[in-house]
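Letter by letter, the chains look like this.
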Amino acid sequence: MAKKSLSIRDKTIFDGIFTKYFLKFLFTLWFKITGWKLCKNAPEGAGVAIAAPHTSNWDFFYALGAAIQQDVKIYFSIKDSLCRVPVLGTWLMYLGAIPIDRSEKGVGQVQQIKDFIDSQKLKRVFFLFTPEGTRGAVPKWKTGFYHVAQGSGLPIFLAKVDYLSKESGVFHTFTLTENKEEDIKAIQASYKSIRGKFPLHQFPPYTGSMPKLSETEAKIIKAMYSFKGVATKMEITAKAKLDELSTSILDFLIEKGMLEKVSPSANNNEPSYQLTFEGKGCFLHLSPSV
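Residues numbered from 1 in each chain as written. Predicted model: local features only at pLDDT ≥ 70, side-chain atom pairs only at ≥ 80, totals over all residues. Heavy atoms only, no water.

*Asks:* Please explain the packing of aromatic side chains as it appears in this structure.
*Replies:* Remark: the centre distance and the inter-plane angle together describe each pair of aromatic rings, the angle taken between the planes. Counted under the stated rule, the structure contains 23 aromatic pairs. Ring geometry for W30 against W58: centres 6.3 Å apart, planes inclined by 45°, an arrangement best described as tilted. With W30 in helix α1 (residues 17–34) and W58 in helix α2 (residues 58–69), the pair connects residues that are 28 residues apart, well separated along the chain. For W30, a relative accessible area of 22% gives the class partly exposed. Relative to F127, the ring of Y75 lies with its centre 5.6 Å away and its plane at 15°, an arrangement referred to as stacked. You can see Y75 sitting in strand β3 (residues 73–79) and its partner F127 sitting in strand β5 (residues 125–129), a full 52 residues away along the chain. Each member of the pair, Y75 as well as F127, is classed as buried. Following the ring pairs from residue to residue traces out a cluster consisting of F27, W30, F31, W36, W58, F60, F61, Y62, F76 and Y163. Taking NZ or CZ as reference, K197 lies 6.0 Å from the ring centre of F198, over its face. (Phe/Tyr/Trp six-rings, centres within 6.5 Å; stacked < 30°, edge-to-face > 60°. Helix = DSSP H or I, 4+ residues; strand = E, 2+ residues; numbered from the N terminus. Buried < 20%, exposed > 50% of the residue type's maximum accessible area, 1.4 Å probe, protein only. Lys NZ or Arg CZ within 6 Å of the ring centre and 35° of its normal.)

*Asks:* I'm lost on α1 in this one. Help?
*Replies:* Every α-helix winds through 3.6 residues per turn, so residues three or four apart in the chain are directed the same way. Taking 1.5 Å as the rise per residue, α1 with 18 residues should run 26 Å; its terminal C-alpha atoms sit 25 Å apart, in good agreement. The axis of α1 is deflected most strongly, by about 35°, at L23. For α1, the set of buried residues is T19, L23, F27 and F31. Against the buried residues of α1 lie β1 (37–38), α2 and β7 (167–174). (Expected span 1.5 Å × (residues − 1). Bend = angle between axes of the 7 residues up to and from the residue. Contact = heavy atoms within 4.5 Å.)

*Asks:* Is there a simple way to explain the packing of helix α5 (residues 144–152) against helix α6 (residues 180–191) in this structure?
*Replies:* Packed helix pairs are specified by the crossing angle of their axes together with the interaxial distance, meaning the distance between the axes. Where α5 contacts α6, the axes come no closer than 12 Å and their chain directions differ by 120°. Considering the angle they form, α5 stands oblique to α6. The hand of the α5/α6 crossing is right-handed. In contact with F145, Y146 and H147 of α5, α6 contributes K180, D183 and I184. Grouping the amino acids of the contact of α5 with α6 by side-chain chemistry returns three nonpolar, one polar and two charged. (Axes fitted to C-alpha atoms, helices over the stretch in contact; angles between N-to-C directions. Parallel < 35°, antiparallel > 145°, perpendicular 65-115°, else oblique. Left-handed = near helix turned anticlockwise from the far one by under 90°. Nonpolar A, V, L, I, M, F, W, Y, C, P; charged D, E, K, R; others polar.)

*Asks:* Please explain the environment of L6 as it appears in this structure.
*Replies:* Its location among the elements puts L6 in the segment before α1. C-alpha of L6 to C-alpha of P99: the two residues are 93 residues apart in sequence and 7.0 Å apart in space. In contact with L6, not counting residues within four places along its chain, are D80, C83, R84, M93, P99 and Q112.

*Asks:* Can you walk me through the environment of E44 in this structure?
*Replies:* Position of E44 among the secondary structure elements: in the loop between β1 and β2 (47–52). On the basis of relative accessible area, E44 is assigned to the exposed category, the value being 62%. Residues E44 and E244, spaced 200 residues apart in sequence, show a C-alpha to C-alpha distance of 37 Å. The contacts of E44, once residues within four sequence positions are left out, are R124 and F157.

*Asks:* Could you clarify how one ought to interpret the sheet that holds strand β6 (residues 156–162) in this entry?
*Replies:* What links the strands of a sheet is backbone hydrogen bonding, and the strands pair in either a parallel or an antiparallel sense. Strand order in the open sheet made by the seven strands is β1-β7-β6-β2-β5-β3-β4, with mixed pairing throughout. Every other strand in the sheet has two partners, leaving β1 and β4 (97–100) as the edge strands with one partner each. Running at roughly 165° to β2, α5 makes contact with β2, β5 and β6 of the sheet. (Pairing = 2+ DSSP bridges.)

*Asks:* Can you help me understand the pairing of β2 in this one?
*Replies:* Within a regular strand, side chains alternate between the sheet's two faces. Most of β2 is tucked away: six of the six residues are buried. Judged by which residues are buried, β2 turns out to be covered on both faces: G47, A49 and A51 on one side and V48, I50 and A52 on the other are all buried. Inspection of the sheet shows β2 paired to β5 by four bridges, in the parallel sense. By the bridge assignment for β5, G47 is matched with F126. With five bridges connecting them, β2 and β6 associate as parallel partners.

*Asks:* Just checking my understanding: could you explain the nonpolar core for this structure?
*Replies:* Generally speaking, nonpolar side chains in soluble globular proteins are found buried as a group. With 49 residues, the main nonpolar core has I50, F145, I156, L158, Y191 and I220 as its most contacted residues. It is helix α7 (residues 215–227) that provides the largest number of residues to this core, a total of five residues. The residues contacting L158, other than those within four sequence positions of it, are I50, G169, V170, F171, H172, F174, I187, S190, Y191 and L284. In terms of nonpolar packing, the next biggest core, distinct from the first, is built from 29 residues, A49, C83, L128 and F157 among them. (Core = buried A, V, L, I, M, F, W, Y, C linked by side-chain atoms within 4.5 Å.)

*Asks:* Please explain the packing of α7 against helix α9 (residues 247–255) as it appears in this structure.
*Replies:* Remark: α7 packs on α9, axes separated minimally by 11 Å, with the N-to-C direction vectors making an angle of 70°. If you check the angle between α7 and α9, you find them roughly perpendicular. Along the contact surface, α7 presents T216, E217, I220 and I221, while α9 presents I249, L250, F252 and L253. For the contact of α7 with α9, the per-class residue count stands at six nonpolar, one polar and one charged.

Spelled out as structure tokens, the structure:
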């Protein structure tokens, strides 16, 4: 007998008075006692949210706590089989589970998810996907979240549960470009500085917290991102609205892996610079949106 397809619940735990008051009080108290804090800028409207790195079941509770405290309704992807377990499955669906059928018979499910997301566009709803797909170590991301965002015309909310800084929530609203490969690489670069509970299991590999940048260095990173390509020292100075720009600052950012120097062209003897993917990842932390 064919399995009956599971429908995503429209009404979940986030729609009740119990959540809005009692659970919000509990999570606020829990965060305060344990020293956790919320990311400052919770975006409005609907979006496809990446929940990464994902190395522990505790990630869900910190993400849930951040959502409830910021009055955000969340849905999250989970294996279809778990949603079919008696009692547990009902509870997961009530929490906002989006059952994912990874078998060949589930090929039409992406469209079902897109249709449901399309019906929620005008609400403050985050659709969480874990691109690692599991709590264990993986060699690459699953990119279904990108296709869902692309197909539904929604931005991607970059969410984190950082066990080093003890921060949970969305740190950037990413607008898709026409280059999927570069988008994914830039997004992944931003997660290299976020420490999961078990950093040896996360992908991309944890490389340490983001280096502290001066105000001038941050302005340069932001200016460079806006160029979407190469720029000369003079162009960077003007775009960043600096009185002057020393080569030593650019050399420092090159040393930190944020910038790289491009050889002068035949028409221009002045060297140019461009952001590395690490630099683009850094920018995503410096700015709440593009």
